[in-house]
Amino acid sequence: MAGTLRQRKSSAVKQEEKSAQNWGRSWEVSIWTTIGCWFMLAFSPSIVIFFWAACDKYQCSIVEPVLLIADKGLDGVLALLPQPTVAGFQLYFAWLSFQVLLYVYLPGKIGYGQTTPAGFTLPYVVNGLLAWFVTHAIFFLGSLYFEFFSASVIADNWEGLLVAANCYGYFLTFFSYVKAYVAPSHADDRKISSSMAYNFFMGIEFNPRIGEYFDFKLFHNGRPGIIAWTLINASFAAAQYQKIGYITNSMILLNILHAVYVLDFFYNEDWYLRTIDICHDHFGYYLAWGDTVWLPFMYTLQSHFLLRNPVDLSTPYFAATALLGAVGYYIFRTVNNQKDLVRATDGKCIIWGKPAQVIRTEFTTTDGSVHRSLLLISGYWGLARHFNYLGDLMISLAMCMTCSYGYILPYFYIVYMGILLGQRIHRDHLRCSGKYGKYWDQYCEKVPYALIPYVI
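Residues numbered from 1 in each chain as written. Predicted model: local features only at pLDDT ≥ 70, side-chain atom pairs only at ≥ 80, totals over all residues. Heavy atoms only, no water.

1. Here we look at the overall build of the protein
In step 1: Helices and strands together make up the secondary structure of the protein, namely 19 helices and eight strands.
In step 2: Radius of gyration (C-alpha) of the protein: 23 Å, near the 23 Å computed for a compact globule of 456 residues.
In step 3: Dimensions of the protein, computed from C-alpha atoms along their principal axes, come out at roughly 85 × 55 × 45 Å.
In step 4: Within the protein, the proportion of its 456 residues that are buried is 55%.
In step 5: A separation threshold of at least 6 residues defines the contact pool for the protein, and within that pool the share at least 24 residues apart is 75%.
In step 6: Counting only carbon and sulfur atoms, one obtains 65% of the accessible surface of the protein, whose full area is about 20700 Å².
In step 7: Put simply, the protein has 32 plus and 30 minus side-chain charges, and the middle of one group is 10 Å from the middle of the other. (Helix = DSSP H or I, 4+ residues; strand = E, 2+ residues; numbered from the N terminus. Rg over C-alpha atoms; globule rule 2.2 N^0.38 Å. Buried < 20%, exposed > 50% of the residue type's maximum accessible area, 1.4 Å probe, protein only. Contact = heavy atoms within 4.5 Å. Areas by Shrake-Rupley, 256 points an atom, 1.4 Å probe, with all protein chains shown as cover. Lys, Arg positive; Asp, Glu negative; His and termini not counted. Charge placed at Lys NZ, Arg CZ, Asp CG, Glu CD.)

If you want it as structure tokens, here you go:
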């Protein structure tokens, strides 16, 4: 009898440990996933260069570069490649070094991420909002008031910056890959699959760090990535002013929409510590190269387009686009605020005039510790499991609509966001299923729709 109980207990513990190990990215990788990783490693830098060349050489037409390659073959491909410049490298690494200094030395409160599969609850210095204001104040004072440099300096050096960012992105990816093997920050949170391509692309280390607080994920997503976002837009707006003598209402609206999104990120940076990027993704090419190249160069395509193709929006179109962005932002923020309120009050709060309904869960980390959490099943979170993504998509569409219509390139962003968020919904489902087990099954029964109620 005692032996049977011990066997059952041992089996339960093993099952719990297996469940904990299923958090995050996969251990077992299919041949198709490996092929997909190789494809993305080749495709992602190619499309960034293609879109840059389309804007830089062909007024953002995506047809002309294709015709050139079809006509010239390899010579056509070589003609589209960006060239390195001394100014580009100097500007990029001065910018990167400055952001490191701000990240390390600016004051900020200490925030904490979610408990990792190995049982770590890591501290983060939350000073991104202050870093954003310091960076933009220096940029605008230096360019517009003291006139040390032109406000269009980023747009003017965009080609050289693209090459420099790629060099750093690949260095960071290889560095992180090697570090995961020889000097991991938290060895128990690593995941080394059977596929080298998958390990390289999705990452091995969960939270690579230098010292106690310099976190690779938080720094590279927030600083060379998201702080750069609004700075890039401002520089392209300045370039538009130099080109046509004024800044179009489309460029102004685009800068406002992007600034609202970015400032929301930094104002709620502590909240970001509990999102999929920090508490789910490992740090490989997907985040290392993605944060340093893909984010700043692909998320700002609309400002590149509006420099080459200035658009003056009609008042009704401007108002409709602004309204779409405002409603999208309202949904995005209020949905996330509901979850934060429930976490802060342990579910003892009012949602839409009624007591919050939650599923109280338990989960086990690989160190054997049992933890408790909540799954909200009322308010927005009772309508769909990722209703906040609907707001995200509305904001993204509004950003694209600032470029009016008639071109494909500015709308790449909404297509990409649809694919990205759809993939995140799938990955989050797998992660939560592994983490919460039967509790997640109960949640999915009560909230069957992933994104849009009664649709999907």
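That covers the picture; the talk isn't over yet.
2. Examining the environment of T135
In step 1: Along the chain, T135 falls in helix α6 (residues 128-145).
In step 2: Excluding residues that lie within four positions of it along the chain, T135 makes contacts with W95, F98, Q99, L102, I227 and L231.

3. Digging into the side chain of H280
In step 1: Tracing the sequence through the fold places H280 in the loop between α13 (276-279) and α14 (285-298).
In step 2: Within the local environment of H280, its side chain forms a polar contact with the side chain of R427, the two groups lying 3.2 Å apart. (Polar contact = N/O pair within 3.5 Å; in protein donor to acceptor, adjacent residues only side chain to side chain.)

4. Quick word on helix α2 (residues 31-58)
In step 1: An ideal rise of 1.5 Å per residue puts 40 Å on 28 residues; α2 measures up with 38 Å between its terminal C-alpha atoms.
In step 2: Largest kink in α2: about 25°, centred on M40. (Expected span 1.5 Å × (residues − 1). Bend = angle between axes of the 7 residues up to and from the residue.)

5. As for a nonpolar patch on the surface
In step 1: Side chains of Y241, Y246, I247, I252, I256 and V260 sit close together on the surface and give an oily, nonpolar patch of about 520 Å² of accessible area.
In step 2: In terms of residue count, helix α11 (residues 249-267) provides more of the nonpolar patch than any other element does, three residues in total.
In step 3: Tracing the chain through its elements places Y246 in the loop between α10 (216-244) and α11. (Patch = residues over 30% accessible without salt bridge, like charges linked within 9 Å, V, L, I, M, F, W, Y side chains within 5 Å. Salt bridge = Lys/Arg side-chain N within 4 Å of Asp/Glu carboxyl O.)

6. Thoughts on the pattern of salt bridges
In step 1: Applying the stated criterion across every chain, the model contains 11 salt bridges.
In step 2: For K179, the salt bridge identified is with E205, shortest N-O distance 2.9 Å. On the criterion of sequence distance, the pair formed by K179 in helix α8 (residues 158-182) and E205 in the loop between α9 (196-202) and β3 (209-210) is long-range, its members being 26 residues apart.
In step 3: Residue K179 is classed as buried on the basis of its relative accessible area of 9%.
In step 4: Assessed through its relative accessible area of 2%, E205 is described here as buried.
In step 5: R209 serves as the salt-bridge partner of D215, at 3.0 Å between the closest nitrogen and oxygen.

7. Details of the packing of α2 against α14
In step 1: Running from N to C, α2 and α14 point in directions that differ by 15°, and their axes come no closer than 11 Å. Here α14 runs roughly parallel to α2, going by the angle between their axes. Between α2 and α14 lies a crossing of left-handed hand. Residues M40, L41, S44, P45, I47, V48 and F51 of α2 form the contact with α14, whose participating residues are Y285, W289, V293, W294, F297 and M298.
In step 2: Here the contact of α2 with α14 is built from residues that sort into 12 nonpolar, one polar and no charged. (Axes fitted to C-alpha atoms, helices over the stretch in contact; angles between N-to-C directions. Parallel < 35°, antiparallel > 145°, perpendicular 65-115°, else oblique. Left-handed = near helix turned anticlockwise from the far one by under 90°. Nonpolar A, V, L, I, M, F, W, Y, C, P; charged D, E, K, R; others polar.)

8. A look at the side chain of S44
In step 1: Relative to the helices and strands, S44 is located in helix α2.
In step 2: Judged by relative accessible area, which is 4%, S44 ranks as buried.
In step 3: At a separation of 2.6 Å, a polar atom in the side chain of S44 contacts the main-chain carbonyl oxygen of M40.
In step 4: Not counting residues up to four positions away in its chain, the partners in contact with S44 are Y285, W289 and W294.

9. Here's the deal with the packing of α6 against α10
In step 1: Look at α6 against α10: their axes get within 11 Å of each other, and the N-to-C directions meet at 35°. The element α6 and its partner α10 pack so that their crossing is right-handed. Between α6 and α10, the residues in contact are G128, A131, W132, T135, H136, F139 and F140 and R223, I227, T230, L231, A234 and S235, respectively.
In step 2: The residue makeup of the contact of α6 with α10, split by class, is seven nonpolar, five polar and one charged.

10. Thoughts on the packing of aromatic side chains
In step 1: If you walk through the whole model with that rule in mind, you get 49 aromatic pairs.
In step 2: On the basis of an interplanar angle of 45° and a centroid distance of 6.4 Å, the ring pair of W289 and W294 is categorised as tilted.
In step 3: Residue W289 is classed as buried on the basis of its relative accessible area of 2%.
In step 4: W294 gets classed as buried once you look at its relative accessible area, which sits at 10%.
In step 5: Measuring from ring centre to ring centre gives 5.3 Å for W294 and Y416, while their planes differ by 50°; the resulting arrangement is tilted. Placement of the pair is W294 in helix α14 and Y416 in helix α18 (residues 412-436), with a sequence separation of 122 residues.
In step 6: If you follow K179 out to its NZ or CZ, it ends over the ring of F216, 5.9 Å from the centre.
In step 7: The ring centre of Y124 lies 4.5 Å from the NZ or CZ of R209, which sits over that ring. (Phe/Tyr/Trp six-rings, centres within 6.5 Å; stacked < 30°, edge-to-face > 60°. Lys NZ or Arg CZ within 6 Å of the ring centre and 35° of its normal.)

11. What to know about unusual backbone geometry
In step 1: For Q59, which is not glycine, the phi torsion reads 55° and is therefore positive.
In step 2: Tracing the chain through its elements places Q59 in the loop between α2 and α3 (63-72).
In step 3: A residue is classified by how much of its surface remains accessible, and Q59, at 39% relative accessible area, is partly exposed.
In step 4: One non-glycine residue, Y454, lies in the positive phi region at around 65°.

12. Description of the pairing of strand β8 (residues 370-376)
Consecutive side chains of a regular strand alternate in pointing toward one face of the sheet and then the other.
In step 1: Here strand β7 (residues 358-364) runs beside β8; their pairing, made up of seven bridges, is antiparallel. Following the sheet pairing, F363 is matched in β8 by H371.
In step 2: Where β7 hands over to β8, the hairpin turn is made up of five residues, of which G368 adopts a positive phi near 90°. (Pairing = 2+ DSSP bridges.)

13. Topic: the environment of I452
In step 1: Relative to the helices and strands, I452 is located in the segment after α19 (438-446).
In step 2: The partly exposed category is assigned to I452, whose relative accessible area is 29%.
In step 3: Separated by 14 residues in sequence, I452 and K438 have C-alpha atoms that sit 24 Å apart.

It is worth stressing that arrangement in space is one thing and function is another; only the former is reported here.
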